[in-house]
Amino acid sequence: MAKDSRIEWTHHTFNPWWGCVRVSPACAHCYAETWAHRLGAKLWGRDAPRRFFNEEHWRHPIKWNKEAERAGERRRVFCASMSDVFEVRAELNSWREKLWPLIEQTPSLDWLLLTKRPKNIQRMTPWGANWPLNVWLGTTAENQKHAELRIPHLLESPARVHFISAEPLLGSLSIKKWKGIDWVIAGGESGHHARPTDPEWIRALRDECDERKIAFHFKQWGHWAPELPHGITPRQKLQLEGPGRSRILYGLGKSAAGRLLDGRTWDQFPA
């Protein structure tokens, strides 16, 4: 839980529990699993336990909602950064049942539910065809294959906002065939074992969003950046080959690589 999140596209994070299971290539270097391990918590895998929280933890969104009301603002809550709300696991059912009314009780908070398991959304949520207006529903699409598998399930649910997290982007991705996507978050992978993201994948996705009036948010280059900032010595260099071209990527680390894309930041949000 974090009142003031360091994630660029949200104000707060809320976790109904910690722990998950890897399900696709995007999970290979999961930051949440790494963070849990640093704290000595072994919570990843089918046989690992999940970590649950007390009533004080669950009261925080109520406080955030009151603060947002007093300020006359809407605040975004990323749920869940250290788990997946739609993981199939019997012991999670009661905690999900605790989450849904909390969302309904906090109408000044926009709840961002991001999942790699969108096929489970309809049967695990209680809202049918009448979803609360403060739910933004998203799925991870790290490449075209997983976009094809997940986006159709995402769009089955009538949430007010549908979004795609293309982070880490591990292959080219086009979303032209789907209607109803309101927002795309894109970015590269960070960490010591980060896989490179071709800058042209990012640019192509941005241009599609611009063409279709979809909000686009570029979160970060991650470890590998296409340009070398003045005065910075790269940790590594990588020759990235593509059709008819070749490009050098520089291993800089997340902070030095930054989040400028073609000279500017992209911080668009759905209306």
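Structure shown above.
It should be emphasised that the depicted structure is a prediction, and the values quoted were computed from it without experimental measurement.

## Points about the overall build of the protein chain
Moving on, step 1. Along the backbone of the protein chain there are 7 helices and 10 strands.
Moving on, step 2. By the compact-globule yardstick of 18 Å for 271 residues, the protein chain fits well, its C-alpha radius of gyration being 19 Å.
Moving on, step 3. Each principal axis of the C-alpha atoms in the protein chain carries an extent, and together these give about 55 × 45 × 40 Å.
Moving on, step 4. Burial analysis of the protein chain (271 residues in total) assigns 54% to the buried set.
Moving on, step 5. Accessible surface computed for the protein chain: about 13,100 Å², of which carbon and sulfur atoms make up 50%.

## Observations regarding the layout of surface pockets
Moving on, step 1. By volume, the largest pocket amounts to about 1,800 Å³.
Moving on, step 2. Along its surface, the largest pocket is lined by 50 residues, and Cys-30, Tyr-31, Ala-32, Ser-190 and Lys-254 are the ones closest to its centre.
Moving on, step 3. Looking at the lining of the largest pocket, the elements that each hand over two or more residues are helix H1 (31-38), strand E3 (109-115) and strand E7 (215-220).
Moving on, step 4. With 5 residues, the top contributor of residues to the lining of the largest pocket is H1.
Moving on, step 5. Taken as a whole, the second largest pocket holds about 310 Å³ of empty space.
Moving on, step 6. Looking at the second largest pocket, it is lined by 15 residues, and the ones nearest its centre are Val-23, Lys-116, Arg-117, Lys-119 and Asn-120.
Moving on, step 7. Here the residues of the lining of the second largest pocket sort into 5 nonpolar, 4 polar and 6 charged.

## Here we look at the sheet that holds strand E8 (residues 224-225)
Moving on, step 1. Pairing within the open sheet is antiparallel, and its 3 strands lie in the order E8-E10-E9. Of all strands in the sheet, those with a lone pairing partner are E8 and strand E9 (236-242), marking the two edges.

## Here we look at the nonpolar core
Moving on, step 1. Of all hydrophobic cores here, the largest spans 59 residues; its most connected members are Phe-14, Leu-99, Trp-111, Ile-175, Val-184 and Phe-216.
Moving on, step 2. Here Leu-99 is in contact with Phe-14, Trp-58, Cys-79, Val-85 and Trp-111, once residues within four sequence places are set aside.

## Focus: the packing of aromatic side chains
Pairs of aromatic rings are described using the distance from one ring centre to the other and the angle between the two planes.
Moving on, step 1. Per the stated rule, a full pass over the model turns up 15 aromatic pairs.
Moving on, step 2. Here the aromatic rings of Trp-183 and Phe-269 are separated by 5.4 Å at their centres, their planes lie at 40°, and the arrangement is tilted. Taken together, the residues Trp-183 in strand E6 (residues 183-187) and Phe-269 in the segment after helix H7 (254-257) connect sequence positions 86 residues apart.
Moving on, step 3. Judged by its relative accessible area of 28%, Phe-269 falls in the partly exposed class.
Moving on, step 4. Measuring from centroid to centroid gives 6.2 Å for Phe-216 and Trp-266, while their planes differ by 75°, and the two rings are edge-to-face.

## A short note on the packing of helix H2 (residues 55-71) against helix H3 (residues 93-104)
Moving on, step 1. Where H2 meets H3, the closest approach of the two axes is 11 Å, and the angle between their N-to-C directions is 25°. Here H2 lies roughly parallel to H3, going by the angle between them. When you trace H2 past H3, the crossing you get is right-handed. Two secondary-structure elements touch here, H2 through Glu-55, Trp-58, Pro-61 and Ile-62 and H3 through Trp-95, Lys-98, Leu-99 and Leu-102.
Moving on, step 2. Tallied by class, residues from the contact of H2 with H3 come to 6 nonpolar, no polar and 2 charged.

## Thoughts on the sheet that holds E6
Moving on, step 1. Strand order in the open sheet formed by 7 strands is E1-E2-E3-E4-E5-E6-E7, and the pairing between neighbours is parallel. Two strands close off the open sheet at either side, each with one partner strand: strand E1 (12-13) and E7.
Moving on, step 2. Sheet topology places E6 next to E7; 5 bridges connect them, and they run parallel. When the bridges of E7 are listed, Trp-183 appears paired with Ala-215.
Moving on, step 3. With respect to the sheet, H3 is in contact with strand E2 (75-79), E3 and strand E4 (135-140), its orientation differing from that of E3 by roughly 145°.

## Remarks on unusual backbone geometry
Moving on, step 1. In this model, Cys-79 is joined to Ala-80 through a cis peptide bond whose omega is 15°.
Moving on, step 2. Structurally, Ala-80 is set in the loop between E2 and H3.
Moving on, step 3. Cis geometry is found at the peptide bond from Glu-167 to Pro-168, where omega equals -5°.
Moving on, step 4. Phi at Lys-213 is positive, roughly 60°, even though this residue is not glycine.
Moving on, step 5. Located in the positive-phi region is Asp-262, a residue other than glycine, with phi close to 55°.
Moving on, step 6. By secondary structure assignment, the location of Asp-262 is in the segment after H7.
Moving on, step 7. Owing to a relative accessible area of 44%, Asp-262 belongs among the partly exposed residues under this scheme.

Basis of the calculations
- Residues numbered from 1 in each chain as written.
- Predicted model: local features only at pLDDT ≥ 70, side-chain atom pairs only at ≥ 80, totals over all residues.
- Heavy atoms only, no water.
- Helix = DSSP H or I, 4+ residues; strand = E, 2+ residues; numbered from the N terminus.
- Rg over C-alpha atoms; globule rule 2.2 N^0.38 Å.
- Buried < 20%, exposed > 50% of the residue type's maximum accessible area, 1.4 Å probe, protein only.
- Areas by Shrake-Rupley, 256 points an atom, 1.4 Å probe, with all protein chains shown as cover.
- 1 Å grid on protein atoms, 1.4 Å probe; cavity = no way out; pocket = protein on both sides within 12 Å on 5 of 7 lines; lining within 4 Å.
- Points joined across faces, edges and corners; volume = space filled by probe spheres on them.
- Nonpolar A, V, L, I, M, F, W, Y, C, P; charged D, E, K, R; others polar.
- Pairing = 2+ DSSP bridges.
- Core = buried A, V, L, I, M, F, W, Y, C linked by side-chain atoms within 4.5 Å.
- Contact = heavy atoms within 4.5 Å.
- Phe/Tyr/Trp six-rings, centres within 6.5 Å; stacked < 30°, edge-to-face > 60°.
- Axes fitted to C-alpha atoms, helices over the stretch in contact; angles between N-to-C directions.
- Parallel < 35°, antiparallel > 145°, perpendicular 65-115°, else oblique.
- Left-handed = near helix turned anticlockwise from the far one by under 90°.

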